[in-house]
Amino acid sequence: MIKLKSTREIKLMREAGKIVGEVLQEMENSINIGITTAMLNKIAEKLIRRYGAEPAFLGYNNYPASICTSVNNEVVHGIPGLRKLEEGDIISIDVGVRLKGYYGDAAATFAVGKISPQARKLINVTRMSLQKTIEVMQAGKRLSDLSHAVQAYVEQNSFSIVRNYVGHGIGEEMHEEPQVPNFGLPGHGPLLQPGIVLAIEPMVNAGTWEVKVLEDQWTVVTCDGSLSAHFEHTVALSENGPEVLTSSSLS
Ligand code: MF3
Ligand code: CO
């Protein structure tokens, strides 16, 4: 069952989302050649707690950190550690918080120093695929219209969309119904109505869409070693159309 949110609930989710946006902004400011992903995690966790929120990922299914840091061929769920960022890397950072009983969830991919034209294009196409999909999120559309919009845009740009992981409803739980696949034919699934809140999160690979999980049981990597990017926003649909709850100046 999809739990539609009241205006009051969306207001609370806006507060949670704002913190997520601020933390992602701080991640962008902190990313530098030589910083470790563990340091980024520490900065994020401190900031989340300073805002009076809790890191949503910490302890979720025993996940050991407050953010996910996925570098280059890592798609999602990379665990922060002693890896130092190098010039030319790209890093996807996923942040989730819980505030006053409600969740916010967002991700973005950043460049470390000067990156290749292909990496730049991958980041731009992934960011744009999310933005285009948000524009489709209007009352009267169906859920799979979103899925189709992401896939079409990504494939027109010769990249591939990851199929094994999907977006999700969000609210009092981090993962609520419905699942939001990033691929599929349009015109299927539930009708979108005011009050629905979705975390839309395209994961885009430069090569094959196929992925596998590493021995740490978390880190998802591309099977062919190609680069991957990830953007995510928590988006509420109201009478006035879609509202991004996790916005920052990044996307
Ligand atoms: N943004 C991811 C998601 O929507 C975060 C999950 S990471 C975990 O599923 F560590 F919390 F599992
Ligand atoms: Co998510």
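Structure's up top.
Now for a quick tour of the structure. Here, residues in each chain are numbered from 1, in the same order as that chain's written sequence. Naming scheme: in the order in which they are written, chains are lettered from A and ligands are numbered from 1. Restriction of local features to residues with pLDDT of at least 70 applies here, the model being predicted, together with a cutoff of 80 or more for giving and counting side-chain atom pairs; totals for whole chains, interfaces and linings are based on all residues. No hydrogens and no water enter the side-chain calculation; it runs on all heavy atoms of the structure.

### Notes on the site of ligand 1
Move 1: Close contacts around ligand 1 come from 13 residues, with Asp94, Asp105, His168, His175 and Glu201 the closest.
Move 2: A 3.5 Å cut-off defines polar contacts: any pair of N or O atoms within that distance qualifies, except that in protein one atom must be a possible hydrogen donor and the other a possible acceptor, and neighbouring residues in sequence count only when both atoms are side-chain atoms. In this structure, histidine 168 approaches ligand 1 through a side-chain N or O atom, which is 2.8 Å from an oxygen atom.
Move 3: Contacts to ligand 1 include glutamate 232, whose side-chain N or O atom sits 3.2 Å from a nitrogen atom.
Move 4: Alone, ligand 1 offers 340 Å² of accessible surface; in the complex the protein occludes 94% of this.
Move 5: With respect to the pocket detection grid, ligand 1 is positioned in the largest pocket.
Move 6: Taken together, the residues of the shell around ligand 1 sort by class into 6 nonpolar, 3 polar and 4 charged. Proximity is defined per residue: if any heavy atom of the residue lies within 4 Å of a molecule or strand, that residue is considered near it. Note on areas: Shrake-Rupley, 1.4 Å probe, and residue coverage restricted to the protein chains presented here. A pocket here means an open set of points on a 1 Å grid, computed over the protein atoms alone, that has protein on both sides within 12 Å along at least five of seven lines. A cavity is instead a set of points where a 1.4 Å probe fits but cannot get out; residues with an atom within 4 Å of a point line either one. The way we define it, a molecule is inside a pocket or cavity when more than half of its atoms are within 2 Å of that pocket's grid points. Side-chain classes follow a simple rule in which Ala, Val, Leu, Ile, Met, Phe, Trp, Tyr, Cys and Pro form the nonpolar group, Asp, Glu, Lys and Arg form the charged group, and the remainder, Gly included, forms the polar group.

### So, the packing of aromatic side chains
Move 1: Two aromatic rings, drawn from Phe, Tyr or Trp (for Trp, its six-membered ring), form a pair once their centres lie within 6.5 Å of each other, and the interplanar angle then sorts them: stacked below 30 degrees, edge-to-face above 60, tilted otherwise. By the definition in use, this model includes 1 aromatic pair.
Move 2: Between tyrosine 63 and tryptophan 218, the aromatic rings sit 4.9 Å apart at their centres with planes inclined by 80 degrees, giving edge-to-face as the arrangement. Here the residue tyrosine 63 occupies a position in the loop between β1 (54-55) and β2 (67-71), and tryptophan 218 occupies one in the loop between β11 (211-213) and β12 (220-222), the gap between them amounting to 155 residues.
Move 3: Residue classification places tyrosine 63 among the buried residues on the basis of a relative accessible area of 3%.
Move 4: Counted as over-ring charges are cases with an Arg CZ or a Lys NZ within 6 Å of the ring centre that also lie within 35 degrees of the ring normal. The ring of phenylalanine 159 has lysine 121 sitting right over it, with the charged end atom 5.0 Å from the ring centre.
Move 5: Here the basic side chain of arginine 163 rests over the ring of phenylalanine 183, its NZ or CZ set 5.0 Å away from the ring centre. Every helix listed is a DSSP run of H or I at least four residues long, and every strand listed is a run of E at least two residues long, numbered separately from the N terminus. A 1.4 Å probe rolled over the protein chains alone gives each residue an accessible area, and that area as a share of the maximum for its type sets the label: buried under 20%, exposed over 50%, partly exposed in between.

### Topic: the coordination of the cobalt ion (ligand 2)
Move 1: Here the coordinating atoms are restricted to nitrogen, oxygen and sulfur within 2.8 Å of the metal centre, or 3.2 Å for Na, K and Ca, and because water is not among them the sites may look incomplete. Every protein donor of the cobalt ion (ligand 2) is listed here as Asp105 (OD), His168 (NE2), Glu201 (OE) and Glu232 (OE), and their distances to the metal cover 2.1 to 2.3 Å.
Move 2: Counting gaps between the donor residues of the cobalt ion (ligand 2) yields the pattern D-x62-H-x32-E-x30-E. Here glutamate 201 lies in the loop between β9 (197-200) and β10 (203-205) and histidine 168 lies in strand β7 (residues 167-169), a separation of 33 residues in the sequence. You'll find histidine 168 and glutamate 201 in the same group, each marked buried.

### A word on helix α4 (residues 143-156)
Because each turn of an α-helix spans 3.6 residues, side chains separated by three or four positions end up pointing in the same direction.
Move 1: The length a helix should cover is 1.5 Å for every residue beyond the first. Taking 1.5 Å as the rise per residue, α4 with 14 residues should run 20 Å; its terminal C-alpha atoms sit 21 Å apart, in good agreement.
Move 2: Within α4, 10 of the 14 residues are buried, which leaves it mostly tucked inside the rest of the structure.
Move 3: Taken as a whole, α4 has its buried residues at Leu143, Ser144, Asp145, Leu146, Ser147, Ala149, Val150, Gln151, Tyr153 and Val154.
Move 4: Throughout, a residue-residue contact means that at least one pair of heavy atoms, one from each residue, lies within 4.5 Å. The inward-facing, buried residues of α4 abut α3 (117-136), β6 (160-161), β8 (176-180), β9 and β10.

### Looking at unusual backbone geometry
Move 1: Backbone torsion omega between glutamate 177 and proline 178 reads 0 degrees, so that peptide bond is classified as cis.
Move 2: Structurally, proline 178 is set in strand β8.
Move 3: Located in the positive-phi region is histidine 77, a residue other than glycine, with phi close to 65 degrees.
Move 4: With respect to the secondary-structure elements, histidine 77 resides in the loop between β3 (74-76) and β4 (90-99).
Move 5: Taking the relative accessible area as the measure of exposure, histidine 77 reaches 24% and is therefore partly exposed.

### Digging into the sheet that holds β3
Move 1: In space, the 3 strands of this open sheet follow the order β3-β12-β11, with antiparallel pairing throughout. Each of the sheet's edge strands pairs with one partner strand only, and the pair in question is β3 and β11. With strand direction ignored, the average angle separating the axes of adjacent strands in the sheet is 40 degrees.
Move 2: With 3 bridges connecting them, β11 and β12 associate as antiparallel partners. Bridge assignment links lysine 212 to a residue of β12, and that residue is valine 221. In short, DSSP must find at least two bridges between two strands for them to pair. Only the stretch in contact is used when fitting a helix axis, every axis being a line fitted to C-alpha atoms; angles between N-to-C directions are given from 0 to 180 degrees.

### Re the sheet that holds β6
Move 1: Strand order in the open sheet formed by 3 strands is β6-β10-β13, with antiparallel pairing between adjacent strands. Looking at strand neighbours, the two that pair on one side only are β6 and β13 (228-230), the edges of this open sheet.
Move 2: Bridge count between β6 and β10: 2 bridges; the pairing is antiparallel. Each bridged residue has a counterpart across the sheet, and for isoleucine 161 the counterpart in β10 is valine 204.
Move 3: Contacts from α3 reach β10 and β13, with the element oriented near 35 degrees to β13.

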